[in-house]
Amino acid sequence: MLLRTIAPLTLALVALAPPGLAQSSAPAPQAVRSDGRALLMRIHEAASRRNYQGTFVVTGGGSVASAKIAHFIEGGAQFERIEALDGRQRKVFRRDDTVHTIWPASHVAMIEQRGLLSSFPALLQGAGDSIGEWYEVRIEGAERVAGREAEVLAIEPRDRWRHGYRLWADRATFLLLRSDTLGRHGEVLETTAFSDVAIGVRPQVDTVVQPMRRLDGYRIVRPVLAPARLEDEGWALRSPAPGFRLVECVSRRMDEPGEAPAEPAGVPVVQAIYADGLTYVSVFIEPYRADRHAQPLLATLGATLTLSQRLGDWWVTVVGDVPTATLKHFAGALERRKP
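Each chain has its residues counted from 1, running along the sequence as written. For this predicted model, a pLDDT threshold of at least 70 governs which residues receive local features, and a threshold of 80 or more governs which side-chain atom pairs are given and counted, while totals over whole chains, interfaces and linings are taken from all residues. Computation of side-chain values covers all heavy atoms of the structure but excludes hydrogens and water.

Here's the deal with unusual backbone geometry
1) Next: The omega angle of the peptide bond from F120 to P121 is 5°, so this bond is cis rather than trans.
2) Next: Helix and strand definitions follow DSSP, with helices as H or I runs of at least four residues and strands as E runs of at least two, each counted in order from the N terminus. With respect to the element layout, P121 can be found in the loop between β6 (108-113) and α4 (131-134).
3) Next: In this model, A146 sits at a positive phi of 50°, which is unusual for a non-glycine residue.
4) Next: For A146, the location among the structural elements is in the loop between β7 (135-145) and β8 (148-157).
5) Next: Unlike most non-glycine residues, F174 shows phi in positive territory, near 75°.
6) Next: Mapping F174 onto the fold places it in the loop between β9 (164-170) and β10 (176-182).
7) Next: Exposed residues in this analysis have more than 50% of their type's maximum accessible area, buried residues have under 20%, and partly exposed residues fall in between, with area computed by a 1.4 Å probe over protein chains only. Given the relative accessible area of 1%, F174 is considered buried.

Some remarks on the packing of aromatic side chains
1) Next: Between 30 and 60 degrees the pair is tilted, below 30 it is stacked and above 60 it is edge-to-face, where a pair is any two Phe, Tyr or Trp rings, Trp via its six-membered ring, whose centres lie within 6.5 Å. According to the stated counting rule, one finds 8 aromatic pairs in the structure shown.
2) Next: Residues F56 and F194 carry aromatic rings whose centres are separated by 6.2 Å and whose planes lie at 80° to one another, so their mutual orientation is edge-to-face. Separated by 138 residues along the polypeptide, F56 in strand β1 (residues 52-60) and F194 in strand β11 (residues 188-199) bring together distant segments of the chain. Each member of the pair, F56 together with F194, is buried.
3) Next: The interplanar angle of 50° and the centroid separation of 5.2 Å between the aromatic rings of F120 and F194 together place this pair among those described as tilted. Here F120 is found in the loop between β6 and α4, whereas its partner F194 is found in strand β11, with 74 residues between them in sequence. Neither F120 nor F194 differs from the other in exposure class; each is buried.
4) Next: By the ring-pair criterion, three or more aromatic residues cluster together here, those being F56, F120 and F194.

Quick look at the sheet that holds β8
1) Next: Pairing is mixed across the open sheet formed by 12 strands, whose spatial order is β7-β8-β9-β10-β11-β1-β2-β3-β4-β5-β6-β12. Looking along the sheet, the strands with just one partner apiece sit at the ends: β7 and β12 (219-221). Within this sheet the neighbouring strands show an average axis-to-axis angle of 15°, counted without direction.
2) Next: Examined bridge by bridge, β8 and β9 share 6 bridges and lie antiparallel to one another. In the strand pairing of β9, L153 is matched with L167.
3) Next: By definition, residues are in contact when any of their heavy atoms lie within 4.5 Å. Helix axes use the C-alpha atoms of the stretch in contact, all axes being lines fitted to C-alpha atoms, and the angles between their N-to-C directions lie in the range 0 to 180 degrees. Against the sheet, helix α3 (residues 36-49) touches β1, β2 (63-74), β3 (77-84), β7, β8, β9 and β10, its axis set at about 125° to β8.
4) Next: Sitting on the sheet, helix α5 (residues 206-213) touches β2, β3, β4 (91-95) and β5 (98-103), and the angle it makes with β4 is about 105°. Strand pairing is assigned whenever DSSP detects at least two bridges linking the two strands.

If you want it as structure tokens, here you go:
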């Protein structure tokens, strides 16, 4: 439900929610609480309209990753900082859609513009207007998470192409406190949850802005992103899985090699993102290189699947928090239309 660069499990630690509106503190009417889909929208909005800070933990597939997060609204702008607490030291600072990812140990900083995919505690992926067609949403009652009373929502897929979810949203503010991704038989594949959280905190904008300005001594890497169309790049996806719509397609190129980015300088990678409102599938296409690309791979970590394989002179990687059949459908539907 949550593009991973530290490791698949830790996407939630670095992927950022899109820019939102000014903070609102008024509780929703009772009618919203009784309407599951309306409550989903309030949960999503709360992630961009509230001031909050805390620690959240992602568990799944035998792995655990945690991060500190702080989100502030001031003057209509959003400010956010995320610091991974496990593995290699990594910090992310965001002002609206300008994102600085910093690796202090290697003195590398990546500066980019992004803001499409949502991550915890944001919720919706792409347009959420058709969620009811692909998921059944119901409110199940109340429980406590991180010391706060929460509304519990059950989200069941209407077909085999997507996972189910269980959500816990703060009753007072609608901020998402916990999210479970569920397998076909109701088993928990991945959990993302606050272990502690404070909502309504005073904005501390300088804790975001100042690190974004203090990059002396850092090697700066700037990914070059350009809008793209699969057809113009010589590709076609015959048909995405039911319910998934194309929400963005870009061509990505690094202007400098770096320890942080995955692709070498000058190597273009086309990325097409498809979403059903709650989850996504991302398709990456790049030239095949024998020194870089190993054997075909199907890997699972938590709720995230990664499928990589050679297609002629190209290397295709498909990633998503979806069942195996969905990922294979996307990989099988991709075809080269011109040399």
